[in-house]
Amino acid sequence: MKYRNDQVEDIQVAYIGGGSRGWAWTFMTDLAMEPAICGTIRLYDIDRAAARANETIGNSLYDREDVPGKWHYCVKDTLEEALAGADFVVISILPKTFDEMEVDVHMPERLGIYQSVGDTAGPGGMMRALRTLPMFVEFAKAIKAYAPDAWVINYTNPMSLCVKALYETYPGIKAFGCCHEVFGTQKVLAAIAEQELGIEKIDRRDIHVNVLGINHFTWFDYASYKGVDLFPVYRHYIDSHFARGYEENDNNWMNSTFACAHRVKMDLFNRFGLIAAAGDRHLAEFMPGGEYLKDPETVSNWKFGLTTVAWRKEDLQKRLERSRRLVAGEEELKLEPTGEEGILLIKALCGLGRLVSNVNIPNRGRQIANLPESAVVETNAVFERDAIRPVLAGSVPENVRRLLLPHVENHERIMKVVAGGNRDVDLVVEAFLEDPLVKGRASQADVRELVKDMMAATL
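Report follows, based on the coordinates. (Residues numbered from 1 in each chain as written. Predicted model: local features only at pLDDT ≥ 70, side-chain atom pairs only at ≥ 80, totals over all residues. Heavy atoms only, no water.)

### Describing helix α8 (residues 230–241)
Okay, so step 1: If you check α8, its first and last C-alpha atoms are 16 Å apart, about what 12 residues at 1.5 Å a residue would give, namely 16 Å.
Okay, so step 2: Of the positions making up α8, those classed as buried are Leu230, Phe231, Val233, Tyr234, Tyr237 and Ile238. Seen along its axis, α8 keeps its buried residues to an arc of 160 degrees; they face one direction. Along α8, the residues that are exposed and aim more than 90 degrees away from the buried face are Asp239 and Ser240.
Okay, so step 3: Contacts from the buried residues of α8 go to α7 (181–197), β8 (207–214), β9 (217–225), β10 (228–229), α9 (263–272) and β11 (275–276).
Okay, so step 4: Near the N-terminus of α8, the side chain that reaches the backbone nitrogen of Phe231, with its oxygen 3.0 Å away, is that of Asp229. (Helix = DSSP H or I, 4+ residues; strand = E, 2+ residues; numbered from the N terminus. Expected span 1.5 Å × (residues − 1). Buried < 20%, exposed > 50% of the residue type's maximum accessible area, 1.4 Å probe, protein only. Arc of directions from axis to C-beta. Contact = heavy atoms within 4.5 Å. Polar contact = N/O pair within 3.5 Å; in protein donor to acceptor, adjacent residues only side chain to side chain.)

The structure is reproduced here in structure tokens:
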């Protein structure tokens, strides 16, 4: 990297999963809109054609007059070439295909176990981890060998386990996981505050929160807007809106795959006293299966949706067609803010400012005092030149801690399975039986059969 005035030039970024048809375009857009940094994005993907397409799309931005952020994109043939001397490493991969994810999400339904996402918790999250973590072990070894001082930004799920695998393989790695679920809850709080306080256009960044939990099962025990405690505001809103929930103006939960009415959040607030800070689809998967995900009718009553893999496959075809149009020059990437903070974090780590944001890193500093040091937790942290300083979030209340612990303990079980070469069926069965979605909902024999069938179909 080269520093000049208030700019940093010649930043080298290795993008593992560089053929991505989602995060890569988001990343390109944010980079193109940022004038303070520039450099080279090295795209590495086992799908070389997809990486080539993104190389063309990314480089098409360079000569546009409306693009202040100038970046060169190039495909690398090997992981070593992509990583050598990199300043930053971005990881955004899909482990295998949606065919395997179809097994993750839908095969447990034969036991009446429904999943609304299937990439983090529950049977789907664990099977996805068994496919993903061996790759992350290899990534960590390669980063240690070729880019030991690089900052590593992970966007891949299951987030907590991916970050955990990086650190357990290379303890000296400078890695963190980024997730936007907290931002979504800040936006909901901002909109509710606008209605309840009669204030217009509250920026979600002005909603100051204390974040504590694990990825996709995060909580706020503090939320404030310019001196106003938002907990009474949120409580008052729930008292009068619980049955209907909160629905964004143009994002009715029935008309969007990922939208919800936030009724699960509201119910969790009433029951546990903290503001649950992720989408309802994610939150529901961490709770006992007989509650929010008992069956499709129950899901509908809570006003969120089951994201089917058939929908994901259909959406992929749309993305492939869009990729073709972008490569052919029939469509341009629109330069609109994405709401993500990855580029802002890179700027801060380059020394261009200081930022507080939520991050997934090991609990080594006991950011959450009453969770194990070995857990990967999500809290706020201060980002500044070549440093991430986790904010001490305090302890989670005991009633919430009891919700978190089964998942933290299952992370340890899954890591042991991966360390043993994915051969320990008994330990996977144990993890399934201890997962809240599964626990008490099926016999041990049926769960064992399910585990064997899922492993045979996806690993």
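### So, the environment of Asp10
Okay, so step 1: Looking at where Asp10 falls in the secondary structure, it is placed in strand β2 (residues 7–16).
Okay, so step 2: Taking C-alpha positions, Asp10 is 6.0 Å from Cys38, a pair spaced 28 residues apart along the chain.
Okay, so step 3: Residues in contact with Asp10, not counting those within four places in the same chain, are Met1, Lys2, Cys38, Gly39 and Asp87.
Okay, so step 4: For Asp10, the side chain forms a polar contact with the side chain of Gln12, separated by 2.9 Å.

### Thoughts on the packing of aromatic side chains
Okay, so step 1: Overall, the coordinates contain 13 aromatic pairs when judged by the stated rule.
Okay, so step 2: Seen in terms of ring centroids, Tyr234 and Phe269 are 5.0 Å apart; in terms of plane orientation they differ by 80 degrees. Their pairing is edge-to-face. On the criterion of sequence distance, the pair formed by Tyr234 in helix α8 and Phe269 in helix α9 is long-range, its members being 35 residues apart. Of the two residues, Tyr234 and Phe269, both sit in the buried class. (Phe/Tyr/Trp six-rings, centres within 6.5 Å; stacked < 30°, edge-to-face > 60°.)

### What to know about the pattern of salt bridges
When the charged atoms of two side chains lie near each other, side chains of opposite charge can form a pair.
Okay, so step 1: Throughout the structure, instances matching the rule amount to 35 salt bridges.
Okay, so step 2: Among the ionic pairs, Arg205 bridges to Glu341, the shortest N-O distance being 3.9 Å. With a gap of 136 residues between them, Arg205 in the loop between α7 and β8 and Glu341 in the loop between α12 (309–328) and α13 (342–349) connect regions that are remote in the sequence.
Okay, so step 3: According to the relative accessible area criterion, Arg205 is partly exposed, its value standing at 41%.
Okay, so step 4: The closest approach of N and O atoms between Arg322 and Glu331, which form a salt bridge, is 2.8 Å.
Okay, so step 5: For Arg322, a relative accessible area of 25% puts it in the partly exposed group.
Okay, so step 6: Taken together, the shared-partner salt bridges in this structure form one network comprising Glu321, Arg322, Arg324, Arg325, Glu330 and Glu331. (Salt bridge = Lys/Arg side-chain N within 4 Å of Asp/Glu carboxyl O.)

### Some points on helix α4 (residues 98–106)
Okay, so step 1: Those residues of α4 that fall on the buried side of the exposure criterion are Phe98, Glu100, Met101, Val103, Asp104 and Val105.
Okay, so step 2: Packed against the buried residues of α4 are α5 (122–146), α12 and α16 (444–458).
Okay, so step 3: N-cap assignment for α4: the residue whose side-chain oxygen lies 3.1 Å from the backbone N of Asp99 is Thr97.

### Quick look at the side chain of Thr458
Okay, so step 1: By secondary structure assignment, the location of Thr458 is in helix α16.
Okay, so step 2: A polar side-chain atom of Thr458 sits 2.8 Å from the main-chain carbonyl oxygen of Met454.
Okay, so step 3: The residues contacting Thr458, other than those within four sequence positions of it, are Lys96, Glu100, Val103, Asp104, Met127 and Arg131.

### Re the pairing of β2
Okay, so step 1: Among the 10 residues of β2, seven are classified as buried, and the element is accordingly described as predominantly covered.
Okay, so step 2: Pairing of strand β1 (residues 2–4) with β2, which is carried by three bridges, proceeds in the antiparallel orientation. By the bridge assignment for β2, Lys2 is matched with Glu9.
Okay, so step 3: Running through helix α1 (residues 23–32), the crossover from β2 to the neighbouring parallel element strand β3 (residues 37–44) is right-handed. (Pairing = 2+ DSSP bridges. Right-handed = clockwise from strand over helix to strand, strands pointing away.)

### Description of the packing of helix α15 (residues 425–434) against α16
Okay, so step 1: Running from N to C, α15 and α16 cross one another at 120 degrees; their axes reach a closest spacing of 9 Å. By the angle class used here, α15 and α16 are oblique. Two packed elements cross with a definite hand, and for α15 against α16 that hand is right-handed. Within the contact between the two elements, α15 uses Val425, Asp426, Val428, Val429, Phe432 and Leu433 and α16 uses Gln444, Val447, Arg448, Leu450, Val451, Lys452, Met454 and Met455.
Okay, so step 2: Considered class by class, the residues forming the contact of α15 with α16 number 10 nonpolar, one polar and three charged. (Axes fitted to C-alpha atoms, helices over the stretch in contact; angles between N-to-C directions. Parallel < 35°, antiparallel > 145°, perpendicular 65-115°, else oblique. Left-handed = near helix turned anticlockwise from the far one by under 90°. Nonpolar A, V, L, I, M, F, W, Y, C, P; charged D, E, K, R; others polar.)

### Comments concerning the environment of Glu181
Okay, so step 1: Relative to the assigned elements, Glu181 resides in helix α7.
Okay, so step 2: Excluding its chain neighbours within four sequence positions, the residues that come into contact with Glu181 are His216, Ala277, Ala278, Gly279 and His282.
Okay, so step 3: A distance of 2.7 Å separates a polar atom in the side chain of Glu181 from the backbone nitrogen of Gly279.

Interpretation note: all reported values are geometric properties and have no functional meaning in isolation.
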